[in-house]
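Chain by chain, the residues run as shown.
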Amino acid sequence: MSAAIKISVIGAGSAQFSLGLVKDLCLTPGLAGSMVSFMDVDCERLDMIEKLARRYAAELGVDLRFERTLDRTESLTDASFVINTASVVSHHHQRAMREVTAKHGYYYGGVNFGNYAQLAFMLSVARDMERICPNAWLIQSGNPVFEGCTLMTRETGIKVCGLCHGHYGVYAIAMTLGLDLHKITWQAPGLNHNIWLTHFLYEGRDAYPLLDRWIAEQGETYWRTHIAESTHDIQMSRGAIHMYRMYGLMPIGDTPRQQRNWWYHTGIDVKKYWFGEPWGGPDTELARPFFVENLEKRIAFMSRLANDPHASLVEAFGSEKTREQQVPIIDALVNNNPYYAQVNIPNHGALPGLADDVVVEVPAIVDARGIQPLRVSPLPQKIMLEMILPEVLDMERELLAFKSGDRSMVLWNALNSPQTRSYDQAIAVLDDLLAMPGHEELAAHFQWPANW
């Protein structure tokens, strides 16, 4: 038996993600007959992904239906699941913002300008769901997961689950240590982009001593000779291990990128020291153009395939499931096929020391009863005080600024950047960022207090 449902994909023009979703649906028999509604504002991207999806499913002989639309209401109507992967700020605009901050003496950004546009979009999707498909699950698959999911679950009544790839960093550790991935068990709770390896077992035994031995015997050689395979290849970097030494637990995935630890991020030479060659981690003037160029090459490749009726998509993209969690979670909720996931959901006591309405990243069991977070052990007080609670405060300030439109709160962020040297510098960079083309709505939203 299979359960035919409707899945709305918002931001479906993220073609690589959307095709991966189609692959996983094709390879999940319990969801045969389902409808996938691709929604985006980019007609060309929509046309491409629908062509690819139809042909891929046809090659595998799978019963899936597809539609494309520019109308979000149409896509959400009758949806059981909504996957939001959209980014409303392009890579090119992000680069333009960094160029503005560089004029004021900031290295690669250096100013926390917030996520107003993305938060506004995410909240608008959630409110549309409340009106159109209030019983659907929203699977948030685009950043900022922590701030966005906390906002949406506080401001609406919909069910929200945020997903990220960062926890796969555990497997990068295991592979570097030469461990069989099928023999490790682990937990890495915390906040999105701020998770910590509290449990790391190999064949039932503590695997941290294996990591310590690698650091002592191979670490320096690795850091001197390792050439990153991708811009995000930093899990075993000198910076990640330094954080392990500081905090007593391994930071996982995107955690070593935390800008709170400013001393890793003061310049390209410093970043290469901590995060390796050739890019110095993903957040540099070398890495981002390379990352965006590869994305554009991938889109061009997929476009050529979409327009070549003789190309085999199964041959091009394979017929194995991806490691994405969206479809296994959907299958577990719909067909009661239990699935162990790493999710971002409201805390409700899962991670001690945080309020119930703060979204945390924790392991969960997913089945027909819902997404059930596991109650994990408390994180060490040092991590809570220096990494977790400060980020919660940052999130609360950002959401208050978003809701209140208080421009002085955005200024406060600029003033508190480690790279800010004067009040006038912070005022000038904020004024120039707000004056950028495309920031008209943002500039109108954020106003000085009445007594300014």
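Residues numbered from 1 in each chain as written. Predicted model: local features only at pLDDT ≥ 70, side-chain atom pairs only at ≥ 80, totals over all residues. Heavy atoms only, no water.

A.B. asks: Help me understand the pairing of strand β1 (residues 6–10) in this model?
C.D. replies: When a strand is regular, its side chains alternate between the sheet's two faces. Within β1, five of the five residues are buried, leaving the element largely enclosed by the surrounding structure. Every second residue of β1 is oriented toward a common face, with Lys 6, Ser 8 and Ile 10 on one face and Ile 7 and Val 9 on the other, all of them buried. Where β1 lies against strand β2 (residues 35–39), five bridges are found, and the strand directions are parallel. The residue of β2 that forms the bridge with Ile 10 is Met 39. (Buried < 20%, exposed > 50% of the residue type's maximum accessible area, 1.4 Å probe, protein only. Helix = DSSP H or I, 4+ residues; strand = E, 2+ residues; numbered from the N terminus. Pairing = 2+ DSSP bridges.)

A.B. asks: Would you explain the nonpolar core in this entry?
C.D. replies: For soluble globular proteins, the rule of thumb is that nonpolar side chains tend to be buried together. One finds Ile 173, Trp 196, Leu 197, Phe 200, Leu 211 and Met 250 to be the most contacted residues of the largest nonpolar core, which totals 73 residues. Counting residues per element, this core draws most heavily on helix α14 (residues 381–404), which supplies nine residues. What Phe 200 contacts, discounting residues up to four positions off in sequence, is Val 170, Ile 173, Leu 177, Leu 179, Thr 185, Arg 205, Asp 206, Ala 207 and Tyr 208. One finds Ala 12, Leu 21, Leu 25 and Ile 299 within the second-largest nonpolar core, a separate group that totals 46 residues. (Core = buried A, V, L, I, M, F, W, Y, C linked by side-chain atoms within 4.5 Å. Contact = heavy atoms within 4.5 Å.)

A.B. asks: Which parts of the structure should I look at to understand the packing of helix α8 (residues 208–225) against helix α9 (residues 238–247)?
C.D. replies: For any two helices packed against each other, the geometry is given by the interaxial angle and the distance between the axes. Packing of α8 against α9 leaves a shortest axis separation of 11 Å and a crossing angle of 140°. Overall, the two elements α8 and α9 adopt an arrangement that is oblique. Relative to α9, the crossing made by α8 is left-handed. Here Tyr 208, Leu 211, Asp 212, Ile 215, Glu 220 and Trp 223 of α8 come into contact with α9, specifically with Arg 238, Ile 241, Tyr 244 and Arg 245. Residue classes in the contact of α8 with α9 are distributed as six nonpolar, no polar and four charged. (Axes fitted to C-alpha atoms, helices over the stretch in contact; angles between N-to-C directions. Parallel < 35°, antiparallel > 145°, perpendicular 65-115°, else oblique. Left-handed = near helix turned anticlockwise from the far one by under 90°. Nonpolar A, V, L, I, M, F, W, Y, C, P; charged D, E, K, R; others polar.)

A.B. asks: Whenever I open this one, the packing of helix α2 (residues 43–60) against helix α11 (residues 287–306) confuses me. Can you help?
C.D. replies: Running from amino to carboxyl end, α2 crosses α11 at an angle of 60°, the nearest separation of the two axes being 9 Å. It follows that α2 is oblique to α11 by the angle criterion. Seen along the crossing, α2 lies across α11 with a hand that is left-handed. Of the residues in α11, those touching α2 at Arg 45, Met 48, Lys 51, Leu 52 and Arg 55 are Ile 299, Met 302, Ser 303, Leu 305 and Ala 306. Along the lines of polarity and charge, the residues of the contact of α2 with α11 split into six nonpolar, one polar and three charged.

A.B. asks: Sorry, what's going on with helix α16 (residues 423–434) here?
C.D. replies: Since the α-helix advances by 3.6 residues per turn, residues separated by three or four positions end up pointing in the same direction. The first and last C-alpha atoms of α16 sit 17 Å apart over twelve residues, in line with the 16 Å expected at 1.5 Å per residue. Of the positions making up α16, those classed as buried are Gln 425, Ala 426, Val 429, Leu 430, Leu 433 and Leu 434. Looking straight down α16, one finds that the buried residues subtend no more than 155° of arc, so they occupy a single side. On its buried face, α16 sits against α4 (91–103), α15 (407–415) and α17 (440–445). (Expected span 1.5 Å × (residues − 1). Arc of directions from axis to C-beta.)

A.B. asks: Even after reading the chapter, I still don't get the packing of aromatic side chains, so can you show me in this structure?
C.D. replies: Given two aromatic rings, their pairing is described by the distance between the two centres and the angle made by the two planes. Applying the stated criterion across every chain, the model contains 19 aromatic pairs. Considering the side-chain rings of Trp 214 and Trp 223, the 6.4 Å spacing of their centres and the 80° angle between planes classify their relative orientation as edge-to-face. In this pair, the class of Trp 214 matches that of Trp 223, namely buried. The rings of Trp 262, Trp 263, Tyr 264, Tyr 273, Trp 274 and Phe 275 are connected pair by pair, giving a single aromatic cluster. Against the face of Tyr 273 rests Arg 238, its NZ or CZ located 4.3 Å from the ring centre. (Phe/Tyr/Trp six-rings, centres within 6.5 Å; stacked < 30°, edge-to-face > 60°. Lys NZ or Arg CZ within 6 Å of the ring centre and 35° of its normal.)

A.B. asks: Explain the environment of Ala 435 to me, please; I cannot follow it from the model alone.
C.D. replies: With respect to the helices and strands, the residue Ala 435 is situated in the loop between α16 and α17. Taking the C-alpha atoms as reference, Ala 435 lies 36 Å from Tyr 273; in sequence the two are 162 residues apart.

A.B. asks: What is the right way to read the side chain of Thr 150 from this model?
C.D. replies: With respect to the helices and strands, Thr 150 occurs in helix α6 (residues 145–155). At 2.8 Å, the side chain of Thr 150 and the backbone oxygen of Phe 146 are in polar contact. With residues up to four places along the chain from it excluded, the contact list for Thr 150 reads Val 145, Asp 357, Val 358, Val 359, Met 395 and Leu 399. (Polar contact = N/O pair within 3.5 Å; in protein donor to acceptor, adjacent residues only side chain to side chain.)

A.B. asks: How should the pattern of salt bridges be read in this particular structure?
C.D. replies: Under the defined criterion, the tally for this structure stands at 21 salt bridges. With its nearest N and O atoms 3.5 Å apart, the salt bridge here joins Arg 238 to Glu 220. One end of the pair, Arg 238, is in helix α9; the other, Glu 220, is in helix α8, and 18 residues separate them in sequence. On the basis of relative accessible area, Arg 238 is assigned to the buried category, the value being 16%. A relative accessible area of 45% places Glu 220 in the partly exposed class. Several salt bridges share partner residues, and in doing so they unite Asp 47, Glu 50, Lys 51, Arg 54 and Arg 68 into one network. (Salt bridge = Lys/Arg side-chain N within 4 Å of Asp/Glu carboxyl O.)

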